[in-house]
Amino acid sequence: MSEEPGRRRYDSLRRTAQAQQTRADVARAALRLFVSQGWAATTIRDVAREAGVSVPTVYAAYGNKSGLTRALADAADLSADVPRLVAALESPTADPAGQLAAMAGYDRRLYERAGDVITLVREAGRSEPELATLYDDSRRRGDRTRAQVFSSWPPGVLRTGLDVLSAVDVYAALCNIDVYAVLTGERGWSADQVEQWWCGVLVRELLH
């Protein structure tokens, strides 16, 4: 009899773990379907069937299809390890080349681990204003971070003729999901090769 209260004590933890597992199962099922048959063609019922849960369970976990996609996008940001980027940018020993390398490394991790989600959100945004806003907000956050980094450099660090906004544009033209996809998907580059090339070309194009 003395063991029963102990068992009950962990019921809440067990239910929490089960709920987290269900959310994860639903998210993985949704991503598989979104990628294989397209965001617009996938219904909540399809996701529920793929995940082996009821339709109300999917709605309870994520609200709707857009909410589910937003959760996938949030998880994509986490997968790229934002704290690692922040630590590298704030390191007392970081110089401009090192900060560029840190940002390129973050983009490489993001595209390598969650490129399918980024492409999904961008494509779904063509017909879903909420997701278009999500994609645009994410892109603007990246631009703000780069502008903040470039603005922190002493005068004369940026290549002659470049101001901060132009440097942000150059970075965005080089380090984006489309360039990554072409190099890894069509040209046979490894993710390491892409990151190394980005580090070199960013220094050549942005630094004096």
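What you see is a predicted model; the values in this text were computed from it and never measured. Starting afresh in each chain, residues are numbered from 1 along the sequence in its written order. Totals for whole chains, interfaces and linings use all residues, but because this is a predicted model, local features are given only for residues with pLDDT of at least 70 and pairs of side-chain atoms are given and counted only at 80 or more. The basis for the side-chain values is all heavy atoms of the structure; hydrogens and waters are excluded.

A word on the UniProt feature "DNA-binding region" (unreviewed entry) in the chain. UniProt positions are given in the numbering used here, feature names are shortened, and annotations may be inferred rather than shown by experiment. Residues annotated in UniProt with the feature "DNA-binding region" (unreviewed entry) correspond here to residues 43–62. Helix and strand definitions follow DSSP, with helices as H or I runs of at least four residues and strands as E runs of at least two, each counted in order from the N terminus. For residues 43–62, helix accounts for 80% and strand for 0%, while the C-alpha atoms at its two ends are 13 Å apart.

Before going further, it helps to spend a moment on the state of the cysteines. Count a disulfide wherever a pair of cysteine sulfur atoms falls within 2.5 Å. Tallied over the full model, the rule gives zero disulfides. For C175, which is in no disulfide, the shortest distance to another cysteine sulfur is to C199 and amounts to 8.2 Å.

By salt bridge we mean one thing: a side-chain nitrogen of Lys or Arg within 4 Å of a carboxyl oxygen of Asp or Glu. A complete count under the given rule lists 15 salt bridges for this structure. R108 is the partner of E195 in a salt bridge, and the nearest nitrogen-oxygen pair spans 2.6 Å. On the criterion of sequence distance, the pair formed by E195 in helix α11 (residues 191–206) and R108 in helix α7 (residues 96–124) is long-range, its members being 87 residues apart. One continuous salt-bridge network, built from bridges that share partners, spans D107, D136, R139, D143 and R146.

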